[in-house]
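Fold and contact review
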Amino acid sequence: TFFNLHTYLSMFSQEISTDEEMHNVLKNIPIKDFGYNSIIIDEGQDFPECIIEEFYKISKNINGKFLIFYDKNQIIYKDRYPNWIINAECKLLLTKNCRNTYQIAITSNNILNIPTIQNNNSIKGDMPLLRVYSSNQDFIKKLEYSINELRNRHSLAHPNDSIITVREAELCIRLVKELSDYI
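Quick notes on the rules
- All residue numbers here refer to positions counted from 1 along the written sequence of the relevant chain.
- Only residues with pLDDT of 70 or above have their local features reported here, since the model is predicted, and side-chain atom pairs are shown and tallied only from 80 upward, although totals for entire chains, interfaces and linings are computed over all residues.
- Only hydrogens and water are removed before side-chain values are computed, so all heavy atoms of the structure are retained for them.
- Helix numbering and strand numbering both begin at the N terminus, where a helix is a DSSP run of H or I of at least 4 residues and a strand a DSSP run of E of at least 2.
- By this rule, a helix spans an expected 1.5 Å times one less than how many residues it contains.
- Each residue gets one of three labels from its accessible area relative to the maximum for its type: buried under 20%, exposed over 50%, partly exposed in between, using a 1.4 Å probe on protein chains only.
- As used in this record, nonpolar core signifies buried Ala, Val, Leu, Ile, Met, Phe, Trp, Tyr and Cys residues forming a set joined through side-chain atoms within 4.5 Å.
- Any two residues having at least one pair of non-hydrogen atoms within 4.5 Å are treated as being in contact.

Description of unusual backbone geometry
Although it is not a glycine, Glu-43 adopts a positive phi angle of roughly 60°. Following the sequence through the fold, Glu-43 ends up in the loop between β1 (38–41) and α4 (49–61). The phi dihedral of Asn-63 falls on the positive side, at around 55°, and the residue is not glycine. Within the secondary structure layout, Asn-63 lies in the loop between α4 and β2 (65–68).

Details of helix α7 (residues 136–153)
Taking 1.5 Å of rise per residue, 18 residues should cover 26 Å, and α7 covers 25 Å from first to last C-alpha, within 8% of that figure. Inspection of α7 places Asp-138, Phe-139, Ile-140, Leu-143, Ser-146, Ile-147 and Leu-150 among the buried residues, and these make up the whole buried set.

Concerning the nonpolar core
Grouped together as the largest cluster of nonpolar side chains are 21 residues, with contacts concentrated most on Leu-9 and Phe-55. Counting residues per element, the ones that place at least two in this core are α1 (5–10), α2 (19–27), β1, α4 and α5 (83–86). Residues within four places of Phe-55 in sequence aside, it is in contact with Leu-5, Leu-26, Phe-34, Ile-39, Ile-41 and Phe-66. Listed in part, the 5 residues of the second largest apolar core include Phe-139, Ile-140, Leu-143 and Ile-147.

Encoded structure:
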């Protein structure tokens, strides 16, 4: 069964808005009510250290498995690695990026002005299009240009083409509808 942390803890308390409150709810869940024999955490670097440590204690109390997946390169708001990484019983380092192509890494790293290191395990793919816009009209213009550029590369219906934006979904849907001749 999949839960995000807040959804799981909300089954035990509605008073959860801070890391400390989440931690208090978690440590006060009776073991008989925990309901699982294994704990698997993805994106562990995003969890407060006290929550990870509490889940570890619970896994020991239920004699269960405890797995954390994380990306140490995404630990950017801390001045040190958390204790749960330093003291992990078993560490497996994955050297192959299974999420992104080398071309996506180049695009992302260029935004941050950092070099991208390619190795033999890098997944190859199409170079993504990155467009920054300042207004709705600019968005439409750049989206239209990007769609035409993608069409020139391959069919727009290609399963690997996506439009990712940080704008509000309703606004984007409305703006994309204005381009209905292109889609």
